[in-house]
Amino acid sequence: MNITVYCVGKIKEDFYRAAVGEYEKRLSRYCKLRIVEVPDEKTPDRASAALKTQIKDKEGQRLLAKIKDTSYLIALAIDGKKMDSVSFSDKMADLGLCGTSDIGFVIGGSLGLSDAVIRRADMRLSFSDMTFPHQLMRVILLEQIYRAYKIRLHEPYHK
């Protein structure tokens, strides 16, 4: 399985980079993982709603330019479907059984994802009603992908 995580912005803090690196190493046993970053736009303080939309649209265009047309795309969004880890593992397995060999996950920037990216997505997934920093969300997503493989293969993993 090929898994690509599309992200707005780079990871700046060393502890996030270390965590991402750890899950990249762990996942290398199970899938071909690729992380694609696109530059984020600076959002001025007290930006208008119109400017925020323009910023999301610009970041969205950058993301869409990188996303393969054949990828099953899962957008991380607060209003997406919520699932527990077992259901997520089942979803990943079902995609593989249905012939999907390329899954993409997309994480927006500080303002979220553009409408165009949301429309392109085959599924919207929510990890919580809470908002997380996009750098931390990358770590959480990779951990859940790793957990999904461990669950599917009935391998032990700390609960």
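So, here's what we can say about the structure. (Residues numbered from 1 in each chain as written. Predicted model: local features only at pLDDT ≥ 70, side-chain atom pairs only at ≥ 80, totals over all residues. Heavy atoms only, no water.)

Applying the stated rule across the entire model yields 13 salt bridges. Ionic pairing is found between R26 and E22, a salt bridge with its closest N-O pair at 2.9 Å. Placement of both R26 and E22 in helix α1 (residues 14-27) is noted, with a separation of four residues, approximately one turn of the helix. Taking the shortest distance from any N to any O, the salt bridge between K68 and D102 comes out at 3.6 Å. Note that K68 is positioned in the loop between α2 (49-66) and β3 (72-82) and D102 in strand β4 (residues 102-107), a separation of 34 residues in sequence. What emerges from the salt-bridge pattern is a single network uniting K10, E37 and R138. (Salt bridge = Lys/Arg side-chain N within 4 Å of Asp/Glu carboxyl O. Helix = DSSP H or I, 4+ residues; strand = E, 2+ residues; numbered from the N terminus.)

Time to look at the side chain of D102. Relative accessible area serves as the criterion here: at 7%, D102 is assigned to the buried category. Leave out the neighbours within four places in its chain, and D102 touches M1, N2, T4, K68, T70, S71 and Y72. (Buried < 20%, exposed > 50% of the residue type's maximum accessible area, 1.4 Å probe, protein only. Contact = heavy atoms within 4.5 Å.)

Let's shift gears to the pairing of strand β1 (residues 2-8). In terms of residue burial, β1 counts as a mostly covered element, since six of its seven residues are buried. Bridge count between β1 and strand β2 (residues 32-38): seven bridges; the pairing is parallel. Among the inter-strand pairings, I3 is bridged to a residue of β2, identified as L33. Each parallel crossover has a hand, and the one from β1 via α1 to β2 is right-handed. Relative to β4, β1 runs parallel, the two being bridged by six bridges. Bridging from a neighbouring strand, Y6 pairs with V106 of β4. (Pairing = 2+ DSSP bridges. Right-handed = clockwise from strand over helix to strand, strands pointing away.)

Glancing now at the packing of helix α3 (residues 85-97) against helix α5 (residues 134-152). Relative orientation of the contacting elements α3 and α5 amounts to 80°, with a least axis distance of 8 Å. By the angle between their directions, the pair α3 and α5 is classed as roughly perpendicular. Residue-level contacts link S85, V86, F88, S89, M92 and A93 of α3 to Q144, I145, R147, A148, I151 and R152 of α5. Looking at the contact of α3 with α5 residue by residue, the classes come out as seven nonpolar, three polar and two charged. (Axes fitted to C-alpha atoms, helices over the stretch in contact; angles between N-to-C directions. Parallel < 35°, antiparallel > 145°, perpendicular 65-115°, else oblique. Nonpolar A, V, L, I, M, F, W, Y, C, P; charged D, E, K, R; others polar.)

Strand order across the open sheet formed by five strands is β2-β1-β4-β3-β5, with parallel pairing between neighbours. Both outer strands of the open sheet, β2 and β5 (123-126), are each paired with one neighbouring strand and no more. Across the sheet, the axes of successive neighbouring strands diverge by a mean angle of 30°, strand direction being ignored.

It is worth spelling out the packing of aromatic side chains at this point. A full pass over the atoms with the stated rule returns six aromatic pairs. Summarising the aromatic geometry, the rings of Y30 and Y149 are spaced 5.4 Å apart at their centres and angled 15° between planes, so their arrangement reads as stacked. Of this pair, Y30 sits in the loop between α1 and β2 while Y149 sits in helix α5; the two residues are 119 residues apart in sequence, bridging distant segments of the chain. By the burial criterion, Y30 is buried, and Y149 matches it. (Phe/Tyr/Trp six-rings, centres within 6.5 Å; stacked < 30°, edge-to-face > 60°.)

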